[in-house]
Amino acid sequence: MDLAGKTFKDVTRFDGMDSWPMWGRDGFIYFVSDREGGGLTNIFRVRENGGDAEPVTRFQNGDVRFPAISGDGKAIVFEHDFGIWKLDVDSREARAIPLEIAAETQETLTEFRDFNATVDDYDLAPDGRRIVLSVHGEVFSVPTDEDGGDLRQLTEGAARDRDLQYSPDGKSVAYVSDQSGREEIHLVAADGSGPACKLTDNDSLKSAIVWSPDSKTIAFTTSERKLYTIGADGKNLKELASSSYGPIGAPSWSPDGKLLAYSRSDVTRSSDVYLIPSGGGEEKKITFDSADESNPRFSADGTKVYFVRREGEFSAEARPTSHLFCIPLEKLTHDPDEPEPKAEGGPDGGPGGEPRRGVAAGRPVTAKTPKIDWAGLKRRTRQVTRTGSVFNYVPGVDGRTLIFVASEGATGGPGGGGRGAGGTASIYSIQDTGKRMTRIATANPRPAAEAGDERPRGFRAGFRGGMSTLRLTKDGRSLYFQEGESVYTTPVGGGGGGGGGGGFAAMAGLGGGRGRGDSSAAPDAAGAPVGGGARRRISFNVTVRIDKPQEWDEMFDDAWRCMKYRFYDPKLHGTDWDAMRAKYKPLVSYVADRHELMNVINEMIGELNASHTGASAGRGRAAGAADSAPVLTRHLGLELQPDAASGRYKVAHVFEDGPADKDWIKVARGNYLIAIDGKPIKAGDDYFAFLGRRLNRKVELTLNDKPAPEGAWKVKYE
């Protein structure tokens, strides 16, 4: 640019990117360009009055960035391959500048973070006495009642453990973990005894873990669009189905364990529901509408399949609606719209045949193997709900009731249940004939985001109030659900029946008058009687130990896997993605905080040359996380001395009037300490590390009169 004449002149002629110009003292302008192709940058120079550019550096990998020329024009320093380099302009020789910087990170690299009644996901034990939950990637077992027992930590470490599923017999918990460096299904004892074991060895993302009714087999889907089953012992992996046009939906087992229901898309990109033998065989389609049909579940007796049908498209005026449908698998022997015969009493009727409140909490039915009438499936398919928008649901234990989440007051989206649906979310019960709808619970009001709000973005925190993960106890009397980042329970009460016509007419959209339901049940905004009872939040406090360098390492791998399996182009724009991991992963050991980690991750993602693709560090501490409580100094009330011969600690003295000096605590001089809180202890181990931050007030010692676990006993005291 001629400042006096205010004129411009192009000195380079390249359609790509020439950047970082630097005026030399030798009549040349130095700059960075990727003109040699491959997205690789080097330093070039061109004469002040223009002409052909010539390369100065000849790097074959790694970019040149942030160059600066010295005042005398003899040297240029720049960043290359994550190091600082110096270029001698005359000789064109570039050398790395070795840097040894002794610096402390601004963050403490080990953090203890407390979480108060917040979860990422959870599952309910079959007996309803405990839940397992994942928080900050670690798995805990928590009693559902305050006096229901101790908290247990089932997994620990930097791995992200999620998608928890109790086995039907309550003995095991299956979950997805990236402990091995890729997502695999793991199994751990529900009581915390013994280490977790890895079941799968498949290079794909895993989702939709579902146990068979006999607790012997697990069905799951993968990012490679396949449905598998695998034995609980990690053997007998079977591929049952695959999809060419999109992912396979979450599978559902029939109560007798002989069938699996799932959804998948066809060439039209609309999804249908299929049944397939759980041992393998031919799949059969059981839905035939052009709309998307997904999320199938079997009724408790196995004679019906429920599913969700989504109709409509997103527009400025409307959103798609999602409704529940029912397919009786067997031929019908009576008209389902006919009123049920009045009972003279008994488990499902009161005096005079009045429907008893709480049909959803009625007697569990016995599962059977249905005689499927394939030819009549389309004819027998019937709609259950008609207004609002539904997705999350669970079949009742009586074989005829559905408990579901729906939006109120607005036409909801496919997520229903408060997931951006536009209306308030409520939980309802309804018979699968579309009758006797009752509201069980309503979502808490969604708080507006405030300035400085540090809660993370995303589904749970961003939409603030989604009701999901519905779980019924075996007797059907209590419902558990997740709302936001907390778990709640409520009595089902009037759910699934009673209440009669108000809700039936308003939400189900079918004819009929008001029934003889409990007159004290006031209708809600949708006209449905209000059943259930007061909700109760499952309260607990857990502390997670966070090793930040290990966590950053896991986060890098998680980002790499995410792009590998979820990028729109399976060929990743021709990028050797394994090579990118090998290139950028070593840098993670040098990062000092999450933002530096994001810089490295985004450098790696940038190799894909795709716009609007990257990662961010979030806005701060997760919702529900609190400052760590002060560490209390605890003492066992024992003097322990290492025994060199056995490699164990040995009780040398029990302090008088100390916490262990009680009649009911079996401990004496000469006993060996085998474990603390189930974790083995050897001589030389720092056992005080187990006594600082704790899940439970009481400590459990495993003791023996010999230095071996066999024949040991346990004592617990505070």
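Heads up: the structure comes first, above all this text.
Since the structure is predicted, the reported quantities are computational estimates derived from the model, not experimental observations. Note that residues are indexed from 1 along each chain, following the sequence as it is written. Owing to the predicted nature of the model, reporting of local features is limited to residues with pLDDT of at least 70; listing and counting of side-chain atom pairs is limited to 80 or more, with chain, interface and lining totals taken over all residues. With hydrogens and water excluded, all non-hydrogen atoms of the structure serve as input to the side-chain values.

A. Representation of the pairing of strand E28 (residues 321-328) in the model. When a residue's accessible area, from a 1.4 Å probe over protein chains only, is under 20% of the maximum for its type it is buried; when over 50% it is exposed; and in between it is partly exposed. Counting from the N terminus, the helices are DSSP H or I runs at least four residues long and the strands are E runs at least two residues long. The buried fraction of E28 is high, at 7 of 8 residues. In this analysis, strands are considered paired if DSSP registers two or more bridges between them. Summarising the sheet, E28 and strand E29 (residues 382-383) pair through 2 bridges and their orientation is antiparallel. When the sheet's bridge partners are listed, Cys-326 is paired in E29 with Arg-382.

B. Seen up close, the sheet that holds E29. Taken in spatial order, the 4 strands of this open sheet run E26-E27-E28-E29, and their pairing is antiparallel. Edge positions in the open sheet fall to strand E26 (292-298) and E29, since each of these has one partner strand only. With 8 bridges joining them, strand E27 (residues 304-311) and E28 adopt antiparallel strand pairing. The partner of Arg-310 across the bridge, within E28, is Ser-322.

C. The arrangement of the pattern of salt bridges in detail. Salt bridge, as used here: a side-chain nitrogen of Lys or Arg that lies within 4 Å of a carboxyl oxygen of Asp or Glu. Applying the stated criterion across every chain yields a total of 38 salt bridges. For Arg-45, the salt bridge is made with Asp-26, and the minimal N-O distance between the two is 3.7 Å. Linking Arg-45 in strand E3 (residues 42-47) with Asp-26 in the loop between strand E1 (18-23) and strand E2 (28-33), this pair joins segments that are 19 residues apart in sequence. The partly exposed category is assigned to Asp-26, whose relative accessible area is 34%. Ionic pairing is found between Asp-150 and Lys-716, a salt bridge with its closest N-O pair at 2.7 Å. One end of the pair, Asp-150, is in the loop between strand E12 (138-143) and strand E13 (152-153); the other, Lys-716, is in strand E45 (residues 713-717), with 566 residues separating them in the sequence. Classification of Asp-150 by relative accessible area gives partly exposed; the value is 29%. Judged by its relative accessible area of 38%, Lys-716 falls in the partly exposed class.

D. Examining the environment of Asp-72 more closely. With respect to the helices and strands, the residue Asp-72 is situated in the loop between strand E5 (64-69) and strand E6 (75-80). We classify Asp-72 as partly exposed; its relative accessible area is 44%. Separated by 48 residues in the primary sequence, Asp-72 and Gly-24 place their C-alpha atoms 8.2 Å from one another. Think of a polar contact as two N or O atoms within 3.5 Å of one another; within protein, one of them needs to be a possible hydrogen donor and the other a possible acceptor, and neighboring residues in sequence only count if both atoms come from side chains. Among the polar contacts listed, one links the side chain of Asp-72 to the side chain of Ser-70, at a separation of 2.6 Å.

E. Spotlight on the sheet that holds strand E8 (residues 93-96). As summarised here, the arrangement of the 4 strands in space is E5-E6-E7-E8, forming an open sheet in which the pairing is antiparallel. The open sheet has two edge strands, E5 and E8, and neither has a second partner. Ignoring strand direction, the axes of neighbouring strands in this sheet form an average angle of 25°. To obtain each axis, a line is fitted to C-alpha atoms, and for helices this fit is confined to the stretch in contact; angles are then taken between N-to-C directions over 0 to 180 degrees.

F. Quick look at the packing of helix H5 (residues 577-584) against helix H6 (residues 594-606). The N-to-C vectors of H5 and H6 enclose an angle of 150°; their axes lie 10 Å apart at closest approach. Our classification of the angle between H5 and H6 gives roughly antiparallel. Note that H5 runs across H6; the crossing there is right-handed. The segment H5 lies against H6, with Trp-577, Met-580 and Tyr-584 engaging Val-600, Glu-603, Met-604 and Ile-605. Residues were grouped as follows: Ala, Val, Leu, Ile, Met, Phe, Trp, Tyr, Cys and Pro as nonpolar; Asp, Glu, Lys and Arg as charged; and all remaining residues, including Gly, as polar. Residue composition of the contact of H5 with H6, grouped by class: 6 nonpolar, no polar and 1 charged. To sort the angles, those under 35 degrees are grouped as roughly parallel, those over 145 as roughly antiparallel, those from 65 to 115 as roughly perpendicular, and the leftovers as oblique. Handedness of a helix crossing follows the sense of rotation of the near helix relative to the far helix, less than a right angle counterclockwise being left-handed and clockwise being right-handed. The contact criterion used is simple: two residues touch if any of their non-hydrogen atoms lie within 4.5 Å.

G. Representation of the nonpolar core within the structure. As used in this record, nonpolar core signifies buried Ala, Val, Leu, Ile, Met, Phe, Trp, Tyr and Cys residues forming a set joined through side-chain atoms within 4.5 Å. By size, the foremost hydrophobic cluster in this structure holds 22 residues, and its most contacted members are Phe-556, Trp-577, Tyr-584, Leu-597, Ile-601 and Met-604. In contact with Tyr-584, not counting residues within four places along its chain, are Phe-82, Phe-556, Val-600, Glu-603, Met-604 and Glu-607. Formed by 19 residues, the second largest nonpolar core is a distinct cluster that contains Leu-640, Ile-665, Val-667 and Val-715.

H. Representation of H6 in the model. Here a helix's expected span is defined as the number of its residues, less one, multiplied by 1.5 Å. An ideal rise of 1.5 Å per residue puts 18 Å on 13 residues; H6 measures up with 18 Å between its terminal C-alpha atoms. Leu-597, Met-598, Val-600, Ile-601, Met-604 and Ile-605 are the residues of H6 that are buried. In a view along the axis of H6, the buried residues occupy a sector of 160°, so they form one face of it. Turned more than 90 degrees away from the buried face of H6 sit His-595 and Asn-599, all of them exposed. Tucked into the core, H6 has its buried residues touching helix H4 (548-566) and H5. The residue sitting at the N-terminus of H6 and contributing the capping side-chain oxygen is Asp-593; that oxygen lies 3.1 Å from the backbone nitrogen of His-595. In this description, the arc belongs to the directions extending from the helix axis to the C-beta atoms.

Take it as geometry only, folks, not as evidence of what the structure does.
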